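A look at the structure
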Amino acid sequence: MRFGLSEEQQLLRDSVRRYLADQAQLDRVRLVADGDEQEASSILDGLLNLGLAGLLVPESQGGLGLGAFEAAVVAEALGGAVAPVPFIGSYAMAPLALNRAGSPAQQEAWLPRIAAGDARLGVALTEFSGARDGTALRYAGGCLNGTALFALDAGAVDAWLLADSAGQMYLVESSAVQQRLLVSIDRTRRLAELSLDQAPAEPLPGDRADTEAVLDLGRVLLAADSIGAAQAMLDKAVAYAGERQQFGRLIGSFQAVKHLCAEMVAELEPARALVWYAAYAQDALPAESRLLACHAKAHTGEIGRFIAKTATEVHGGMGFTDMLGLHYWFKRLGANRLLLGGPEQLRSEAAQVQGWLS
Amino acid sequence: MRFGLSEEQQLLRDSVRRYLADQAQLDRVRLVADGDEQEASSILDGLLNLGLAGLLVPESQGGLGLGAFEAAVVAEALGGAVAPVPFIGSYAMAPLALNRAGSPAQQEAWLPRIAAGDARLGVALTEFSGARDGTALRYAGGCLNGTALFALDAGAVDAWLLADSAGQMYLVESSAVQQRLLVSIDRTRRLAELSLDQAPAEPLPGDRADTEAVLDLGRVLLAADSIGAAQAMLDKAVAYAGERQQFGRLIGSFQAVKHLCAEMVAELEPARALVWYAAYAQDALPAESRLLACHAKAHTGEIGRFIAKTATEVHGGMGFTDMLGLHYWFKRLGANRLLLGGPEQLRSEAAQVQGWLS
Amino acid sequence: MDLAYGPEYETFRLEVRSFIAEHGHKAPRGGVTGMQAVLDWQALLIEHGYAARTIPREYGGYGAEPDLLKSRIIAEEFGRARVSTGMGGQGIWMLVPTLLELGSEAQKRSYIPPTIRGEMLWCQGYSEPNDGSDLASLTTRAEVDRDHWVINPQKIWTSTAQSADMMFALVRTEPEAPKHQGISYLLIPMDTPGIEVRPLVQMTGQPGFNEVFFTDVRVPLDNIVGRRGEGWRVANATLSYERGSLADPNATRNRFEELVDLMRAETLGGRRVIEDPAMRDRLLRLQSRVLAMQCNDLRVLSGQLNQDPDTLLARLIVKLQSTELRHELEAMGIDVMGELGLLYDDSPRLRAQGSWQQNYMFYLGMIIGGGTSQIQKNIIAERGLGMPREPRAEKQQAPHKPAQGGA
Amino acid sequence: MDLAYGPEYETFRLEVRSFIAEHGHKAPRGGVTGMQAVLDWQALLIEHGYAARTIPREYGGYGAEPDLLKSRIIAEEFGRARVSTGMGGQGIWMLVPTLLELGSEAQKRSYIPPTIRGEMLWCQGYSEPNDGSDLASLTTRAEVDRDHWVINPQKIWTSTAQSADMMFALVRTEPEAPKHQGISYLLIPMDTPGIEVRPLVQMTGQPGFNEVFFTDVRVPLDNIVGRRGEGWRVANATLSYERGSLADPNATRNRFEELVDLMRAETLGGRRVIEDPAMRDRLLRLQSRVLAMQCNDLRVLSGQLNQDPDTLLARLIVKLQSTELRHELEAMGIDVMGELGLLYDDSPRLRAQGSWQQNYMFYLGMIIGGGTSQIQKNIIAERGLGMPREPRAEKQQAPHKPAQGGA
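Since this is a predicted model, take the numbers as computed values, not measurements.

1. Section: the interface of chain B and chain C
- Opposite the 55 residues of chain B that make contact, chain C presents 60 residues.
- Around 4800 Å² of area is buried between chain B and chain C when both sides are counted, 59% of it from carbon and sulfur atoms.
- On the surface where chain B and chain C come into contact, there are seven salt bridges.
- Across the pair E193 of chain B and R349 of chain C runs a salt bridge, and its minimum N-O distance is 2.7 Å.
- Across the contact surface, chain B and chain C share 20 residue pairs in polar contact (both at pLDDT 80 or more).
- In terms of residues, the side of chain B that touches chain C owes the most to one element, helix α12 (residues 326–338) of chain B, which gives seven residues.
- Looking at the side of chain B that touches chain C, its residues break down into 21 nonpolar, 19 polar and 15 charged.

2. With respect to the packing of helix α9 (residues 255–284) of chain B against helix α10 (residues 286–314) of chain B
Residues and elements named next belong to chain B.
- Running from amino to carboxyl end, α9 crosses α10 at an angle of 155°, the nearest separation of the two axes being 8 Å. By the angle between their directions, the pair α9 and α10 is classed as roughly antiparallel. The element α9 and its partner α10 pack so that their crossing is left-handed.
- In terms of residue class, the contact of α9 with α10 is made up of 21 nonpolar, six polar and three charged.

3. Here's the deal with helix α1 (residues 7–23) of chain C
All names here are of chain C.
- Between its terminal C-alpha atoms α1 stretches 24 Å, which fits the 24 Å expected from 17 residues at 1.5 Å a residue.
- Within α1, the full set of buried residues consists of Y9, F12, R13, V16, F19, I20 and H23. All buried residues of α1 lie within an arc of 120° about the axis, which places them on one face of the element. Summarising the geometry of α1, the exposed residues directed more than 90 degrees from the buried face are P7, L14, A21 and E22.
- Looking at the packing, one finds that the buried side of α1 touches α2 (35–48) and α3 (68–81).

4. Here's the deal with the interface of chain A and chain D
- Contacts between the two partners involve 55 residues from chain A and, on the opposite side, 60 residues from chain D.
- Of the roughly 4800 Å² buried between chain A and chain D, counting both surfaces, carbon and sulfur atoms make up 59%.
- At the boundary of chain A with chain D, the tally comes to seven salt bridges.
- Counting across the chain A and chain D interface gives 18 residue pairs in polar contact (both at pLDDT 80 or more).
- Ranked by residue count, the leading element in the side of chain A that touches chain D is helix α12 (residues 326–338) of chain A, at seven residues.
- Class assignment for the residues of the side of chain A that touches chain D results in 21 nonpolar, 19 polar and 15 charged.

Quick notes on the rules
- Numbering of residues starts from 1 in each chain and follows the order in which that chain's sequence is written.
- Key to labels: chains lettered from A, ligands numbered from 1, both in the order written.
- Given that this is a predicted model, residues contribute local features only at a pLDDT of at least 70 and side-chain atom pairs are listed and counted only at 80 or more, while totals for whole chains, interfaces and linings are drawn from all residues.
- Neither water nor hydrogens contribute to the side-chain values; these are computed over all heavy atoms in the structure.
- Two residues form a contact once any of their heavy atoms are found within 4.5 Å.
- Buried area is understood as the total, over both parts, of accessible area removed when two parts are fitted together, assessed with a 1.4 Å probe.
- Should a side-chain nitrogen of Lys or Arg be within 4 Å of a carboxyl oxygen of Asp or Glu, the pair is scored as a salt bridge.
- Polar contacts, as counted here, are pairs of nitrogen or oxygen atoms within 3.5 Å of one another; within protein the pair requires one atom able to donate a hydrogen and one able to accept it, and residues that are adjacent in sequence qualify only if both atoms are side-chain atoms.
- Secondary structure counts use DSSP, requiring at least four H or I residues in a row for a helix and at least two E residues in a row for a strand, with both numbered from the N terminus.
- Residues were grouped as follows: Ala, Val, Leu, Ile, Met, Phe, Trp, Tyr, Cys and Pro as nonpolar; Asp, Glu, Lys and Arg as charged; and all remaining residues, including Gly, as polar.
- Throughout, an axis means a line fitted to C-alpha atoms (over the contacting stretch in the case of helices), and angles, computed between N-to-C directions, take values from 0 to 180 degrees.
- Convention used here: angles under 35 degrees read as roughly parallel, angles over 145 as roughly antiparallel, angles from 65 to 115 as roughly perpendicular, and any remaining angle as oblique.
- By definition, turning the near helix anticlockwise from the far helix through less than a right angle yields a left-handed crossing, and turning it clockwise yields a right-handed one.
- What a helix is expected to span follows from its residue count: subtract one and scale by 1.5 Å.
- Only protein chains enter the accessibility calculation, which uses a 1.4 Å probe; a residue whose area is less than 20% of its type maximum is buried, one above 50% is exposed, and one in between is partly exposed.
- It is the directions from the helix axis to the C-beta atoms that the arc portrays.

This is how it looks when you write it as structure tokens:
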């Protein structure tokens, strides 16, 4: 029995962490956040060389054939470094969607290229996960029309994976989609609004349950990303409190500061265990997987906001400026809280999953 | 402009406080809590001698003709001493009900006797304020049948004021009602279950709005009682922290203890202002009175629970035993939170009052 | 992640289940069972290795090797079936492990067998009126008079002192030594002349704690565990057992399920409480935390099994989080019932024997006892996160009230 | 309770209203108004006594007697109409009151008139990189060189330093004196050679604070307010003005109403957010707190009017509670929008110019600035509740990293 990472999983985590520590330091994150495309693709290329693109692609299609837990291990490492790369959409949700719901032809067409790092998909599930406004996607005569908001891992993609409000998924070549980038508080990842006007679209044969599984995976990985980001903020707060002096004392020796840090860790440790278990459940415990995905994301949303605020407070004025770059983590946690559904919505879905709705 | 107590109101408060400090010390509260009827009526008699019975009775009926604000001033003082006496039901809600909704004959019959301390009414509004279970009151042929729960200020009453689920109020002589005392965690006030079997009942001519006003007053006064009780707990915590030594220091010099006390006061002060304003609104601001009654009670319910817990924690093990009697305040706050509706219910009513319900 | 315990353990689980299926009906339940049934059940559990499992056979135990997973399976299966896992208390949880580690052979032979059988009950004599969280400042002393210790004057917060046969106590034996080095660990028969027990009523209304007064209480010199002056170290061996036994996430999960049932059962204004979306959102917030603590518990278990180094923090936060969480669960139960949640003791209309109300207060006691939440946060920050200690302060005096009159 | 201001004041309120009705259209709004319009509006306000109301006429003000209720009415009516009450900033809020209290006649005549007209902008030079909450430990020094102060080396967190004409600053002039007694309060023209301003970008993405570097910056000796070494006392006179201006419960109430509007406007899955009972319960929790802070504000006002002694605590908790509350209001606005709440800057689909997102961060800055919530709690406990101070500690050193190699 082992609740946690196997040795292979630790190696995976360590290799991603090491790469990010070497190649995605804060100054490079800043460059990407400020729009430097070259830096962005250079950081991504290095990560793909570690095999991240094929993580969830079956071995028969040239991937590593690993599962949601390994993807969560990677997401936690990426969040820890606020890595400015596409991952959750392009290299986790999209492969899972193709693998579970795609036709053999669709799988052949995309999975080997994704695994090789030769193709990348953006993912737009918001019409299914929680539509705002009057946006909608309508499929008729082999074409999709309408608007999809908050497409994940946007930018230079080869195709889009979309879902409509009924949970039907589609593939659309990027050339048929008008992409308008959205500006998010979190500059480390890219969101877009997609407009489709008679865009030729291939439905995926899978059913609504597949779309739910893809959405659940996305939610779990956003939660894992938040665990990594929150841990980084906590570590920075503890380190700062151990260096900064006020009133002739290290601020970390003040009980008030100590207790803020203790409260953060007291929330973070159980949340991490919950996220790990939820990730494991995506592969191993289908009866619990939806419920755990909702809770993992709702709960990290709540504690992530608490930790983002509290760690910033421990830094005092320094936390509020750009000098230490702390706000990149703050904003990443803020974005993760709301992408693919905020806490209240997720809890309401959790009630539904358990049959508690009237 | 004065937001707070006038000089007369301060005198009223001080006279009640002084009386309670002299005549309702903790050891006498204990006796009443343990069932000593004689102590109970002796404490009550002294209070009635201060004029509390006639506070809300019009001068024309032999009372003082004061308002909800004065009643809140008294309730705050009573809560501060966990005074083991009937007040909110018998001497505030009942007179208001008679005054607003009673016929001239009913007013004549009861108000002068209440003001003189010669008669006392218990109040059972729960069928209207939030019925549990399958209890119900049915009126037919001049008689009430059914069950009413959580009658306030129970015990040796002369008559009962009851409301049915539609908000119609009734007076029923106590001899026609079977009273079964309920045992509450709060032993300082008495709750009862009433059973009525063909009990002759006099409807009050007033309408549902009158019943709402009576309920609102009850809620505001429970909130005021909680402010008094919470203030007492805070005062005790601060005093204890200033005497108790641990690790060679006064525990009040530990930042953690200081911050617990600061958090209590930071919640308590605005809540007190809210309750005062809500009490004032019952007399002076009819357009806001319902909303403020809901908020005053919901909010003191929340902060009362927080302060009850936190002040107990500051006392450590001493707070958990009967030695200092702190738990009488703890339990009074617990009871006030739920009587006539808990926070969630009250907030839902507040939404309704503002037209926010779908 | 590998949550399977393996085939050997699944076989063991089936054994446990069949034991429960066969014998479970004999287990004591609620408050109605007589003492003999409790003792018989305890003996049966020891015989099958479900109690005193790792206590050596020569001291009356079952003599199995320590095996975290088997212990876990026993707890899981008995918990699921809601069958008692036998007697507990400070003798079994705290004294027996301490004696096994640091007691003399004679002490082990005299005390362990009757203790684990439930025939010798113990209470803990650590706290004193003035020490609270600062246990090491205790001042109750034992002085040597020929072949006896002579003990004075008082302990407090002593649970079960009235029914206990024995007390294990910390007393100051070297008043000149530094605070932590002048303490010894003594075993005191509770029928020794000079001991007086006075109950302290708790806020729940029940007696639970006691004050214990000592007036020249004499116990033989060899009633000491470990050496003179080493009592602090002996007690700390025991304290780590205590902390481990405080919080059971499976009990919390069971309680959460009872909360859901309560929300399905109770109504307000004719609507089931579970149908109130605001209450349901609150329920689901709690469910997130219940699940998180269950997962945290699995991680801690895994850390013990696999010697994972990164589970220290997961372990240190358990007392703080689990007591606060349980307190909030009970609080919500009260709110679900509304005014019914105020009822207590033998009140008409009382629900669930008043257990929500009682536990609400009991778990506030758990938050306070065994290191308050404030102390826990210090421990997490200093031991877990390595944050700097507070600078040492000079001794501070309580402000004296000004004397009346006079110069 | 008497919430009426009385007939004199109700007449005054009507005057204010008719001024607003007649002139309100000239008030600057949003970011589009030119500087001249701002100055014209300021002049008009001073002329009618709605700005610089109590500043004596000889210093360019309106010269009215201080009257809390009239000031309140002005704030209420302009707030209700959402019309600007004129220019603010550290010069008007902090420096002018300080000069009126402690400045020389010459200082008053030179600085107050242009400051209140908005023609002379000030920044505050208090904080330094190493002092943070411990302001009195500042080390930037001014040394006398003939008839000038010579100032070195650095201030930080200086808002509006780039646009300011002048700085009022605390500098250490007697390095040998005790911490609080060696400080002086100087007025420094920002165009003095040797001053360099470097902006600090905030988490909101906007510049706001600055670092200001001084290299042998020379200002005349008589640019001191109060006496040499008395700067701490001078600054404290000013600090009390600053704290008063931080939190405006009427602005919070307006923002709450915008939150309700937002919940009516935004939808999720086709349903308006206000129809979600869980979100509505959260909204109502906030409403309780908004109302409570409004009432608390009335109580504080009343305390000032009537010299009530029991409003000290109500005043001390304002900074803590109002900044935390406002931060939570803004946070809820983001949640109401869901993913739309992530949008920022000039994003397509941005709502309300991104004000919820920006304020969410800005008010976290307010929580931190001007005494963090932790410092506020100390103040409440010690000054408000009279709790004992922490024992003084010896100076503590940051742990040094072990040197590489070597003995």
